[in-house]
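Chains, contacts and geometry: an overview
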Amino acid sequence: MNSQPGDRSLPSINEYYSATQLRSDRWSALREAAEGLSREGSEGRKGKKLLQTAEHLFDSLEVIEAYWAFPGASSFAHLRRLLNHANYDELLTAVRRVARALASGAYRRRTVPLSSDELDNEDYEDEAALSPEARALGRPYFEVLIVDDVSEQQERFLRHSLLRMRRSEDPFIYEPVVVPSIEDALIGILFNHNVQAVVVRPGLTLKSRNDLPILSRYLKRVGDPEDVEAIQPHEYGPEACRLIARVRPELDAYLITDRSAEDVAGLDLGICRRVFYNQEDFLELHLNILRGVNRRYKTPFFTALKEYSKQPTGVFHAMPISRGKSISRSHWIQDMGAFYGPNIFLAETSATSGGLDSLLEPRGPIKEAQDMAARAFGAKHTYFATNGTSTCNKIVTQAVVRPGDIVLVDRDCHKSHHYGMVLAGANVVYMDSYPLHQYSMYGAVPLTEIKHHLLKLKAAGKLDRVRMITLTNCTFDGLVYNVQRVMEECLAIKKDLVFLWDEAWFGFARFEPTYRQRTAMATANTLRQKLKEPETAAAWEAQQAKLADAGEEEWLNTRLVPPPDARVRVYATQSTHKTLTALRQGSMIHVNDQDFKGEVEQAFHEAFMTHTSTSPNYQIIASLDVGRRQVELEGFEFVQRQVESAMSIRRAVSTHPLLGKYFKVLTIADVVPETYRASESTHYYDPQQGWTDKWAMWAEDEFVLDPTRITLAVGGTGWDGDTFKTKILMDKYGIQINKTSRNSVLFMTNIGTTRSSVAYLIEVLVEIANELDELLDDASKMERRSFENRVAALVEHVPPLPDFSRFHDAFRADGDTPEGDIRTAYFLAYDEDNCDYLALDDTLMERLDSGEELVSTSFIIPYPPGFPILVPGQVISPEILKFMRALDVSEIHGYRADLGLRVFTKAALDDVLTKKS
Ligand SMILES: Cc1ncc(COP(=O)(O)O)c(C=O)c1O
C-alpha cells in the first residue's frame, strides 16, 4: 500500500520528508474524519467522502502502526471495527484519545483507555505541561522490538510472557512490538525512536512485506540492498544483530538462537549483548533488557553531585556561594536565589572527595562519566572540558605538536587553532578553502589542496616534520568533509599523520547513521578495521607499483590507498553545548589515537593542566554527563526531529510564492561546486522533484551540506546580513541567530527546535516580505532606485575573498614550502619598537603596488566572516587590502581604525633575517 487512492484532501506522501511527521498528521486527519462522521454520519455525498477518507487513513496507518507499540495492533483493529460497524461516536472518542496520547506522550506513563465506558480523567494532560519534578518521578518508557515471524496467537503469548515479568521495582517500563523480518527490524529501529532494545528470535525472515516508500526508504541507509539479499537463512539472526549495530550502535540487541553455543561462539554479533540458548527464559531476558538500558541511563557524576548536595556540610573554604549561604543571608541579592532556586547552590562545591572527583586527575565518577562518553561517541578516551572547544583545540594542539613541527591548518578555522599554533610553536601551512565569493563565505579545503601541500613537503624532504592536520568538520556554514577519504589519502602520503577534526558543531552527528559515517570517531574505527583487511594491503601494493614513477599530477588525480601499517591517530573536539544538552562551555575531546598511550598521553596530561582551571565548574561537568545519557537514549529521535525541522524550513521557503522574491535558501549546488558532487545532487528539496534522499550524496561526495544549517540569502531585501540579524530578526521579532555574512544569515535548527518554532520563522519571513512589498508599492521612483542600488551592492558587488598570501621570509625556513613560524612573528610584535601603523588609504595600496613588502604583526579578524584575513608574519597582499577596504563591518578584531594597520618595521624584519642567516 504505497499511495492514496485519489484522496485530494490529504497531502501526498511524497510531500513528507519523514514518516514520523506523516504518522502524526495522519492521526490528526483521522481525528478530523471521525469528528465529521460522528457529526454527519456516512450517508449523503459528504458522509461518503468522509467515510472514504477514514478508510484510506486506516489503510495508510495500518502499515505505519505495525512498528509502534501504542496504540498497538489489537487496539488498531478495534478502531477499524468501530468504523466498519459505523459506531462513529465511539470511534471519535477512541481516535481522539489515541491522537492526544501520541501528541502528549501520555501513553508512556499509563494505559490509555479507548472506550467511552472507561473514564480517561487525564484526557487533557499534556506531558510538557507537567512540572519537571512530576515528570522525573515517573518511570522512563521505551519499546522493545521483537523480530520473529509468528502467528497472532504466538505474538500474544510472547508479549504476555514478557509483560508478566514486570516488577514494581523495575526502573523503566517497556512495551514489546513484534515484527517478522530483518528488513522490518531495520525499518523499525530507524522509524520508531522509542526502541531501545531488539530481541532477535530464531523464526525471523528476511524481507519485509511492507512497500510503503517512505518506510522502505529507510532500508537504503543500511547499505547496499544486495548485501541483504545474499544472507543465508541460518545467518539471519547474527546478521540482524550486525546490521542493527551498523545503523544504531547505541541500541542493545539480544539473540535468541536454537543453534548450538559452539556454532554461535566466534561469530561477529554486532552489538549483541547476550545470546540466549533457552527460548523461554523470559525473566532473564527482561532483566537483561532493563540492565542494558540502565547502562546508558546511568550518570555517575550527575548522580554523585546530587547525592553530595543532599549531605549536610560546613563550608570552610573560599566559596561563599556554596550551599547558597551568601545569598540566603543577604538583604540585597535575594532575587538571585529566587531566580535560580536552591539546588544550583547546593551543588556548588569544589570538593574532590566525599563521592566527588577531580577533573584534573579523575579517578572516580568523572572518570566513569568520561569513559561512558567515550563509549557513546565511539572514542577510545574522552576528556571533559569546562572552557569550551576553544580550550580543547589548544589542549590537543599543545599535546600533539612540538616546536618546529609542521601543521596543516585550514585558514578559516576557529581562532583557537591559530592561537594554539602560536603556543605550540608550530610551523604553519595555511590551506585555502574554496571561496563562495557571491555569498562572502568560505567552503572547505579541497582534498587536492591538502594533497598538494603534503606532496610538496614530501618533495622538499620535510615529511618527517609534518605532524598534524587540522580541519573543521562541519564548518559553521554546514559543509561536511568526506572524512574517510581525506584520512585515507593523507595517510597514503604520510602514514602517521595526526588528524584534529574540529567538530565544534558536529557533536550530534554520531547519533544518526547518515551523519555518523562522516564523523572523526566513526571513521577512525572504520579505518582501524579496514587497515587490517588483506584487501587493503593488496590494493596498496598494486597502487604503489602503479605510482612508482608518477608525478604530482597523477598523485593528485588518483584516489590514494593508505598503507596497511598506517597509524590511525585521530582527535575530535566538540562543543557539546552547541548542539546537545550541556551548559555553556561544556565540551569534549575524543581521542582515537593508536599511539596515544605510547607517545602522547603524558604530553596530553600536561596540556590539559596548562589550560584547565583548578576550579572547574561542576554544573558543567554534570551537564556533560547528562547530555551523554540523553544522546545515548534519545539522540537518534532528537537529531531526526532536528533534520525534519530543517527540511520543513527548506521546503516552505522554496515553495512560498512571495518569499522567493526577497530570499533564497542556499541549496547544495549553491555551496558545493559541481566538481565536489559525484552524486550530482543539487537540492535537498526541489518543488518539481520533491525530496532527494541524502544517503547517496553523503556516501560519495567530497563535500556535503549539513541540512540542519540553513543559509538564507537576504541581499534581495536590501539589508546586509548583520542589519537583518539585529534590526529585523532580533529587535523586531525576537529571533536569535549568530552567524551572518555580508548578504546572508544562518539559521540553525537544533535538537530543541519544534514544529511551532519553524512555523513562527516562516510566518516572520512572510511578514517581512509582505512589508517590503507594501513599501515598494508606495515608494517613489527615487526610493525604488535607492532600494535597487542597495540590493545590487549586496548581491552583485561583493568584494572577492582573498586567499592566504604567504609568510614573510623572516618567518620561513626556505622558499620551497610555505610553512611559517607564527610564534616568532607573534612575539616579535610584543616590542612596540618593531611595529608601525599605516592608514588604510591609497598610499598604502601604492606602496604595495610598488612591490614593498608589508607584514602584519597581528591577527586581523573581521566579523563577519570571523576568520583572520591576516595572521602575524603574513605579507599583506593587494587583494587583502582591497577586501579590508571594501568591508563595511564595524567589528574588526586586531585593527584600530584610529591608528591604522599594525605592521612590522623593515628594521625588525631585517634583524630577524640577519639572525637567521
Ligand atoms: C569551528 C569552531 N571551533 C571551535 C569553536 C569554539 O568553541 P567554544 O565556543 O565551545 O569555545 C567555535 C565557536 O564558534 C567554532 O565555530
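From a predicted model like this one, the values you see are computed outputs, not experimental measurements.

**Remarks on the site of the ligand**
Inspection of the region around the ligand gives 13 residues, with Thr389, Ser390, Asp502, Ser575 and His577 positioned closest. Contacts to the ligand include Trp505, whose side-chain N or O atom sits 2.8 Å from an oxygen atom. Protein chains bury 85% of the 390 Å² of accessible surface belonging to the ligand in isolation. Of all the elements in the fold, those that place two or more residues in the shell around the ligand are helix H18 (388-400) and helix H26 (576-579).

**Section: the sheet that holds strand S1 (residues 141-147)**
Strand order in the open sheet formed by five strands is S2-S1-S3-S4-S5, with parallel pairing between adjacent strands. Of all the strands in the sheet, the pair left with one neighbour each is strand S2 (173-179) and strand S5 (272-276). On average, each strand axis in the sheet is tilted by 20° relative to the strand beside it, whichever way the strands run. In this sheet, S2 lies alongside S1 in parallel orientation, the contact comprising seven bridges. Residue pairing for S2: Val147 is matched across the bridge by Val179. Helix H6 (residues 152-163) contacts S1 and S2 of the sheet and is inclined by roughly 160° relative to S2.

**Observations regarding a nonpolar patch on the surface**
A contiguous nonpolar surface patch, about 340 Å² in accessible area, is contributed by Phe339, Tyr340 and Ile344. Along the polypeptide, Phe339 turns up in helix H15 (residues 334-340). Given a relative accessible area of 65%, Phe339 falls into the exposed group.

**What to know about the nonpolar core**
Counting 132 residues, the largest nonpolar core has Ile450, Trp501 and Phe604 as the members making the most contacts within it. Ranked by residue count, the leading element in this core is helix H28 (residues 618-655), at nine residues. Residues within four places of Ile450 in sequence aside, it is in contact with Leu408, Met431, Val445, Ile469, Leu471, Val486 and Cys490.

**Structural notes on unusual backbone geometry**
With omega at 0°, the peptide bond leading from Phe70 into Pro71 counts as cis. Note that Pro71 resides in the loop between helix H2 (44-65) and helix H3 (73-84). Across the junction of Asn473 and Cys474, the peptide omega takes the value -5°, indicating a cis bond. For Cys474, the location among the structural elements is in the loop between strand S11 (466-472) and strand S12 (479-481). Although it is not a glycine, Ser440 adopts a positive phi angle of roughly 55°. Within the secondary structure, Ser440 sits in the loop between strand S9 (435-436) and strand S10 (441-442).

**Some thoughts on the packing of helix H12 (residues 282-297) against H28**
In contact at an axis separation of 8 Å, H12 and H28 are set at 140° when each is read in the N-to-C sense. What the angle tells us is that H12 and H28 run oblique. Seen from H12, the contacting residues are Val293, Arg296 and Tyr297; seen from H28, they are Arg628, Arg629, Glu632 and Leu633. A breakdown of the residues in the contact of H12 with H28 according to their chemical character gives three nonpolar, no polar and four charged.

**Quick look at the sheet that holds strand S16 (residues 664-665)**
Read across the sheet, four strands follow the order S16-S20-S22-S21 without closing on themselves; strand pairing throughout is antiparallel. Each end of this open sheet is capped by a strand with a single partner; those strands are S16 and strand S21 (739-741). Relative to strand S22 (residues 744-748), strand S20 (residues 709-713) runs antiparallel, the two being bridged by five bridges. Counterpart to Leu712 in the pairing with S22 is Val745. Lying on the sheet, H28 is in contact with S16 and S20; it crosses S20 at an angle near 25°.

**Side note on the pattern of salt bridges**
Applying the stated criterion to the full structure yields 58 salt bridges. Among the ionic pairs, Asp25 bridges to Arg755, the shortest N-O distance being 3.3 Å. With Asp25 in helix H1 (residues 19-40) and Arg755 in helix H33 (residues 755-777), the pair connects residues that are 730 residues apart, well separated along the chain. With a closest N to O distance of 2.9 Å, Lys530 and Glu488 form a salt bridge. Residue Lys530 is located in helix H23 (residues 520-532), and its partner Glu488 is located in helix H21 (residues 483-493); the two are separated by 42 residues in the primary sequence. Relative accessible area serves as the criterion here: at 4%, Glu488 is assigned to the buried category.

**Description of the side chain of Arg510**
With respect to the helices and strands, Arg510 occurs in the loop between strand S13 (498-502) and helix H22 (513-516). Lacking a salt bridge, the buried Arg510 has Glu250 as its closest oppositely charged neighbour, with an N-O distance of 7.0 Å. Polar side-chain contacts of Arg510 include one of 3.0 Å to the backbone oxygen of Ala376. The contact partners of Arg510, leaving out residues within four places of it in the chain, are Pro249, Ala376, Phe377, Gly378, Arg516, Thr519 and Ala522.

**Focus: H21**
Of all eleven residues making up H21, nine are buried, and the element is well covered by its neighbours. Regarding H21, the residues found buried are Val483, Val486, Met487, Glu488, Glu489, Cys490, Leu491, Ala492 and Ile493.

**Remarks on the pairing of S1**
Strand residues, when the strand is regular, have side chains that alternate between the two faces of the sheet. Counting buried positions over the seven residues of S1 gives seven, a clear majority of the element. In S1, alternate side chains face the same way, and those of Tyr141, Glu143, Leu145 and Val147 on one face and Phe142, Val144 and Ile146 on the other are all buried. Taking the sense of rotation as the criterion, the β-α-β connection linking S1, H6 and S2 turns out right-handed. In this structure, S1 lies alongside strand S3 (residues 195-200), joined through five bridges in parallel fashion. Each bridged residue has a counterpart across the sheet, and for Val144 the counterpart in S3 is Ala197.

**With respect to the packing of helix H13 (residues 300-310) against H28**
Orientation of H13 relative to H28, taken along the N-to-C sense of each, is 135°, at an axis distance of 7 Å. Classed by the angle they form, the pair H13 and H28 counts as oblique. Viewed along their axes, H13 and H28 form a crossing whose handedness is left-handed. Residue-level inspection shows Pro300, Phe301, Phe302 and Leu305 of H13 in contact with H28, the latter providing Tyr618, Gln619, Ile621, Ala622, Asp625, Val626 and Arg628. Taken together, the residues that form the contact of H13 with H28 break down as eight nonpolar, one polar and two charged.

**Section: the environment of Arg259**
Here Arg259 lies in the loop between strand S4 (252-256) and helix H11 (261-264). For Arg259, a relative accessible area of 22% translates into the label partly exposed. In this structure, the C-alpha to C-alpha distance between Arg259 and His234, residues 25 residues apart in sequence, is 8.8 Å. Look past the residues within four positions of Arg259 in its chain and what remains in contact with it is His234, Glu235, Pro238, Val264, Leu267 and Tyr277. A distance of 2.8 Å separates a polar side-chain atom of Arg259 from the backbone oxygen of His234.

Conventions and cut-offs
- Residues numbered from 1 in each chain as written.
- Predicted model: local features only at pLDDT ≥ 70, side-chain atom pairs only at ≥ 80, totals over all residues.
- Heavy atoms only, no water.
- Near = heavy atom within 4 Å.
- Polar contact = N/O pair within 3.5 Å; in protein donor to acceptor, adjacent residues only side chain to side chain.
- Areas by Shrake-Rupley, 256 points an atom, 1.4 Å probe, with all protein chains shown as cover.
- Helix = DSSP H or I, 4+ residues; strand = E, 2+ residues; numbered from the N terminus.
- Pairing = 2+ DSSP bridges.
- Axes fitted to C-alpha atoms, helices over the stretch in contact; angles between N-to-C directions.
- Contact = heavy atoms within 4.5 Å.
- Patch = residues over 30% accessible without salt bridge, like charges linked within 9 Å, V, L, I, M, F, W, Y side chains within 5 Å.
- Salt bridge = Lys/Arg side-chain N within 4 Å of Asp/Glu carboxyl O.
- Buried < 20%, exposed > 50% of the residue type's maximum accessible area, 1.4 Å probe, protein only.
- Core = buried A, V, L, I, M, F, W, Y, C linked by side-chain atoms within 4.5 Å.
- Parallel < 35°, antiparallel > 145°, perpendicular 65-115°, else oblique.
- Nonpolar A, V, L, I, M, F, W, Y, C, P; charged D, E, K, R; others polar.
- Lys, Arg positive; Asp, Glu negative; His and termini not counted.
- Right-handed = clockwise from strand over helix to strand, strands pointing away.
- Left-handed = near helix turned anticlockwise from the far one by under 90°.

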